[in-house]
Amino acid sequence: MNIFAEKQIVLSKSITLNFINIENYSPELFSLINDEIAKIWDGDLDDNDCETVKLEFKDWLDKKKPFQKYGFISEFICHLYLRYQKFDQHFLFRNLEEKGPKKGFDGIFMYDTEFWIYEK
């Protein structure tokens, strides 16, 4: 099953556009979120459990305006998609001082032996 219903358009050897479409929250998508949420938020080596991270997410989201929530969720989904595509995350999604997502820096990933900067 294709969780993200993605379509890829290859523009050149070094440029591929990826379009993702989430029509509904399938059991497979929920499973992927549960498997990845703590790793995206705290990094692969963190030992926070899924429920603790979900509570931190919810507490942070409850304090934000709707447009801020939409931006945060869309960025999280992008990180989820990149991990699903086997990109290795080399940063923490959360800001250690504020217990919310980082501002101004969206992420750095590695695929094979190349580093990639993610900016939404």
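Nothing here was measured: the structure is a model prediction, and the numbers come from that model.

1. Considering the overall build of the protein chain
Along its length, the protein chain carries 3 helices and 7 strands. Along the chain direction, N to C, the helices and strands of the protein chain fall in the order β-β-α-α-α-β-β-β-β-β. In the protein chain, buried positions account for 35% of the 120 residues. Considering only contacts in the protein chain between residues 6 or more positions apart, those separated by 24 or more positions represent 47%. Total accessible area computed for the protein chain in this model is approximately 8,200 Å², and 56% of it derives from carbon and sulfur atoms.

2. A closer look at the confidence of the model for the protein chain
Averaged over the protein chain, the pLDDT score is 82; the fraction of residues at 70 or greater is 82%. Averaged pLDDT values over the elements of the protein chain bottom out at 54 in strand E5 (residues 100–101) and peak at 93 in strand E1 (residues 7–10).

3. Quick word on helix H1 (residues 27–42)
Given a rise of 1.5 Å per residue, 16 residues ought to cover 22 Å, and the 23 Å separating the end C-alpha atoms of H1 matches this to within 8%. Helix geometry: H1 is bent most strongly at Glu36, by close to 45°. Along H1, the residues that are buried comprise Leu29, Leu32, Ile33, Glu36, Ile37, Ala38, Ile40, Trp41 and Asp42. Directly beyond the C-terminal end of H1, a positive phi value near 100° is found at Gly43.

4. Considering the sheet that holds strand E7 (residues 114–117)
Ordered in space as E3-E6-E7, the 3 strands form an open sheet in which the pairing is antiparallel. On the outer flanks of this sheet lie strand E3 (88–89) and E7, each paired with one strand and no other. Pairing of strand E6 (residues 108–111) with E7 involves 4 bridges; the strand directions are antiparallel. Note that in E7 the partner of Phe109 across the bridge is Trp116.

5. Brief notes about the layout of surface pockets
Each pocket or cavity is described by its volume, and for the largest pocket that value is around 780 Å³. Around the largest pocket, the lining is made up of 23 residues, and of these Thr16, Asn18, Leu82, Phe87 and Trp116 lie nearest the centre. The set of elements that each furnish at least two residues to the lining of the largest pocket consists of strand E2 (16–19), helix H3 (66–84), E6 and E7. For the lining of the largest pocket, the leading source of residues is E2, giving 4 residues. In the lining of the largest pocket, the residues fall into 13 nonpolar, 6 polar and 4 charged. In this model, the second largest pocket occupies a volume close to 290 Å³. Forming the boundary of the second largest pocket are 13 residues, of which Ile33, Ile37, Phe57, Ile73 and Phe76 lie nearest the centre. When residues of the lining of the second largest pocket are traced back to their parent elements, those giving at least two are H1, helix H2 (50–62) and H3. Top contributing element to the lining of the second largest pocket by residue count: H2, with 5 residues. Looking at the lining of the second largest pocket residue by residue, the classes come out as 9 nonpolar, 1 polar and 3 charged.

What counts, and at which threshold
- Each chain carries its own residue numbering, running from 1 in the direction its sequence is written.
- Totals for whole chains, interfaces and linings use every residue, but because this is a predicted model, local features are given only for residues with pLDDT of at least 70 and side-chain atom pairs only at 80 or more, for both listing and counting.
- With hydrogens and water set aside, each side-chain value is computed from the structure's full complement of heavy atoms.
- Where helices and strands are cited, they refer to DSSP runs of H or I of at least four residues and of E of at least two residues respectively, numbered from the N terminus.
- Think of it in three bands: with a 1.4 Å probe and only protein chains considered, a residue is buried below 20% of the maximum accessible area for its type, exposed above 50%, and partly exposed in between.
- Every residue pair with non-hydrogen atoms within 4.5 Å of one another is taken to be in contact.
- To be clear on the numbers: accessible area is Shrake-Rupley with a 1.4 Å probe, and residue cover counts the displayed protein chains and nothing else.
- As a per-residue quantity, pLDDT reports the predictor's confidence and falls between 0 and 100.
- Expected helix span is given by 1.5 Å per residue-to-residue step, counting one fewer step than there are residues.
- Note on bend: the value at a residue is the angle between axes fitted to the seven residues ending there and to the seven starting there.
- The rule for pairing is simple: two strands pair if DSSP sees at least two bridges between them.
- Here the term cavity refers to a set of points on a 1 Å grid, laid over the protein atoms alone, in which a 1.4 Å probe fits but cannot get out; the term pocket refers to an open set having protein on both sides within 12 Å along at least five of seven lines, with lining residues being those that place an atom within 4 Å of a point.
- Grid points are joined across faces, edges and corners, and a volume is the space filled by probe spheres set on the points.
- Amino acid classes used here: Ala, Val, Leu, Ile, Met, Phe, Trp, Tyr, Cys and Pro are nonpolar; Asp, Glu, Lys and Arg are charged; the rest, including Gly, are polar.

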